[in-house]
Amino acid sequence: MGTERRPLFFSGEAEGIVRCGLCPHRCLIKSGNFGACGVRGNKNGKGIIPFYGFASALAMDPIEKKPLYHFRPGSEILSLGFAGCNLRCPFCQNWRISQNTDIEGRWLQPGDVISAVLRETNAGSGCSAIAYTYSEPLVHAEFLLDCMPLAHRHGIANVLVTNGCVNIEAAREILALTDAANIDLKCFSAATYSKVLGGGASTSDGASTYDAMETVLEFIALAHKTGVHVELTTLVVPGLNDSDEELDRCADFIAGLNGASALAEIPWHLSAYHPDYHWNAPPTDPAFLLRTAERARKKLRYVYTGNIAAEENNTLCPHCGAALVRRRAYRVDTGGLAPPANGERMFRCASCGEKIAIST
Ligand code: SF4
Ligand code: SF4
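Keep in mind it's a predicted model, so treat the numbers as computed, not measured.

Chemist: Which parts of the structure should I look at to understand the packing of helix 7 (residues 244-257) against helix 8 (residues 286-296)?
Modeler: Two numbers describe a pair of packed helices, the interaxial angle and the distance between the axes. Between helix 7 and helix 8, whose axes approach to 10 Å, the crossing angle comes to 45°. As the angle between them shows, helix 7 and helix 8 are arranged oblique. Of the two elements, helix 7 crosses helix 8, and the hand of that crossing is right-handed. In this structure, helix 7 contributes Asp244, Leu247, Asp248 and Ala251 to the contact, and helix 8 contributes Phe288, Thr292, Arg295 and Ala296. Tallied by class, residues from the contact of helix 7 with helix 8 come to 4 nonpolar, 1 polar and 3 charged.

Chemist: Help me understand the pairing of strand 17 (residues 323-328), please; the structure alone is not making it clear to me.
Modeler: One face of the sheet, then the other: side chains in a regular strand alternate in exactly this way. Pairing between strand 16 (residues 315-316) and strand 17: 2 bridges, direction antiparallel. Each residue of the ladder has a partner; that of leucine 316, found in strand 17, is alanine 323. Bridging between strand 17 and strand 18 (residues 331-333) involves 3 bridges; their strand directions are antiparallel. When the sheet's bridge partners are listed, arginine 326 is paired in strand 18 with aspartate 333. Where strand 17 folds back on strand 18, the antiparallel hairpin that results is connected by 2 residues, among which alanine 329 adopts a positive phi of roughly 50°.

Chemist: Looking at this model, I keep getting lost on helix 8. Mind explaining?
Modeler: When we look at burial in helix 8, the residues that qualify are Phe288, Leu289, Thr292, Ala293 and Ala296. For helix 8, the angular spread of buried residues about the axis comes to 135°, placing them on one side. Packing partners of the buried residues in helix 8 comprise strand 13 (229-236), helix 7, strand 14 (268-272) and strand 15 (303-306). The residue sitting at the N-terminus of helix 8 and contributing the capping side-chain oxygen is aspartate 285; that oxygen lies 3.1 Å from the backbone nitrogen of alanine 287.

Chemist: I keep staring at the sheet that holds strand 21 (residues 355-359) and nothing clicks. Help me out?
Modeler: Where strands meet in a sheet, backbone hydrogen bonds hold them as pairs that are either parallel or antiparallel. In space, the 3 strands of this open sheet follow the order 19-20-21, with antiparallel pairing throughout. Each end of this open sheet is capped by a strand with a single partner; those strands are strand 19 (337-338) and strand 21. Two strands pair when backbone bridges link them, and strand 20 (residues 346-349) and strand 21 are joined in this way by 2 bridges, in the antiparallel orientation. Its bridge partner lying in strand 21, arginine 348 is registered against lysine 355.

Chemist: Can you help me understand the sheet that holds strand 1 (residues 10-12) in this one?
Modeler: With antiparallel pairing, 3 strands are arranged side by side in an open sheet as 1-2-3. Across the chains shown, the open sheet's two edge strands, defined by having one partner strand only, are strand 1 and strand 3 (28-29). Alignment of strand 2 (residues 18-20) against strand 3, held across 2 bridges, turns out to be antiparallel. Bridging from a neighbouring strand, valine 18 pairs with isoleucine 29 of strand 3.

Chemist: Looking at this model, I keep getting lost on the nonpolar core. Mind explaining?
Modeler: For soluble globular proteins, nonpolar side chains are generally found buried alongside one another. Counting 91 residues, the largest nonpolar core has Leu80, Phe91, Ile130, Tyr132, Leu160 and Trp268 as the members making the most contacts within it. Leucine 160 has contacts with Tyr132, Pro137, Leu138, Leu144, Met148, Ile174, Leu175, Thr178, Ala180, Ala181, Asn182 and Phe219, leaving out every residue within four places of it along the chain. Residues Tyr304, Cys317, Leu324 and Ile356 belong to the second largest nonpolar core, which totals 13 residues.

Chemist: I would appreciate a short explanation of the environment of alanine 212 in the present structure.
Modeler: Inspection of the secondary structure assignment puts alanine 212 in helix 6 (residues 212-226). Judged by relative accessible area, alanine 212 falls into the buried class, the value being 1%. On a C-alpha basis, the gap between alanine 212 and cysteine 165 in space is 6.6 Å, while along the polypeptide they are 47 residues apart. Every residue in contact with alanine 212, bar those within four places of it in the chain, is listed here: Cys165, Tyr193 and Gly199.

Chemist: Looking at this structure, I do not really get the side chain of histidine 70. What am I missing?
Modeler: Note that histidine 70 resides in the loop between strand 7 (57-62) and strand 8 (76-81). You can call histidine 70 buried: its relative accessible area is 0%. Once you skip the residues sitting within four places of it in the chain, histidine 70 turns out to touch His229, Glu231, Pro267, Tyr302, Tyr304, Thr315, Arg327, Ala357, Ile358 and Ser359.

Parameters and conventions
- Residues numbered from 1 in each chain as written.
- Chains lettered and ligands numbered in written order.
- Predicted model: local features only at pLDDT ≥ 70, side-chain atom pairs only at ≥ 80, totals over all residues.
- Heavy atoms only, no water.
- Axes fitted to C-alpha atoms, helices over the stretch in contact; angles between N-to-C directions.
- Helix = DSSP H or I, 4+ residues; strand = E, 2+ residues; numbered from the N terminus.
- Parallel < 35°, antiparallel > 145°, perpendicular 65-115°, else oblique.
- Left-handed = near helix turned anticlockwise from the far one by under 90°.
- Contact = heavy atoms within 4.5 Å.
- Nonpolar A, V, L, I, M, F, W, Y, C, P; charged D, E, K, R; others polar.
- Pairing = 2+ DSSP bridges.
- Buried < 20%, exposed > 50% of the residue type's maximum accessible area, 1.4 Å probe, protein only.
- Arc of directions from axis to C-beta.
- Polar contact = N/O pair within 3.5 Å; in protein donor to acceptor, adjacent residues only side chain to side chain.
- Core = buried A, V, L, I, M, F, W, Y, C linked by side-chain atoms within 4.5 Å.

Rendered as structure tokens:
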């Protein structure tokens, strides 16, 4: 069962309707109904969050699986999955939990999640972080805002794996408690976000329209500005976002976050798609993915490919070229990294001492 935790981001409208202001859908919800995410609703004229603390999954993962390559490389992370999502990607690889709330799971309080991490830490797994992941964590803002500060009080890092589609008020509060995030940059087309990915207006009054892509771009920029360790992921889906022009625009946006003067250091993960849910196009051609990554490296220092066979995603020192981190699938060798100097968070190159954009 959920908890009586006071819901946030709701406001009352006429005739017992409530509006949820958490994400740009800004759903108007009648009593007995739920918003587009399926987890925030209206009961007797009041906003409700009956899925507070509902966990669809709780599992240990290599942090590289999130994917995060430049944050605590080689470490383990406790992954907490929820239910529901405010987007409707037709190729969603987690559709069983993102597009459905009638699923198996268990009820957890924030303290239970912290205890699970501490158990792993005490067992010597080296885990000291929680990933809020699998389906969309931001639609469970209240749980994040309770769990994240508690994690920090126990020296545990908070990692978001998210579509980044949330309004600025919630974004500010959550990002202030976030240490690292992998954020989807699904495409560079407002029309695709709106018409294909379910980011378009879906309120019951049918009148509100907004730009979901703009919301996501603002979220990414805010995360970076707030000092969150940011990595971005684009699932390259044939026929959806795989034109050179669109992928170049994604790369340009990422490069722009760091300024145009140097190669941008935010890692970009280009992942291959495989048919799933409602999308049946053939899988992404690995050669195309590799070519796209090579082109993006003219603008971005760290571009990685994912979900393709025999992938090797090493990180080289930008100064001397030594291999800092060697990766093959989820096997990671961090032997080329030297510990940060006193008081710093960034590792150094073990060969030449250069400070590297990989944080502890
Ligand atoms: S889809 Fe967005 S606005 Fe609608 S109920 Fe869910 S979080 Fe709130
Ligand atoms: S945002 Fe992620 S979880 Fe939500 S539908 Fe899209 S791929 Fe699935």
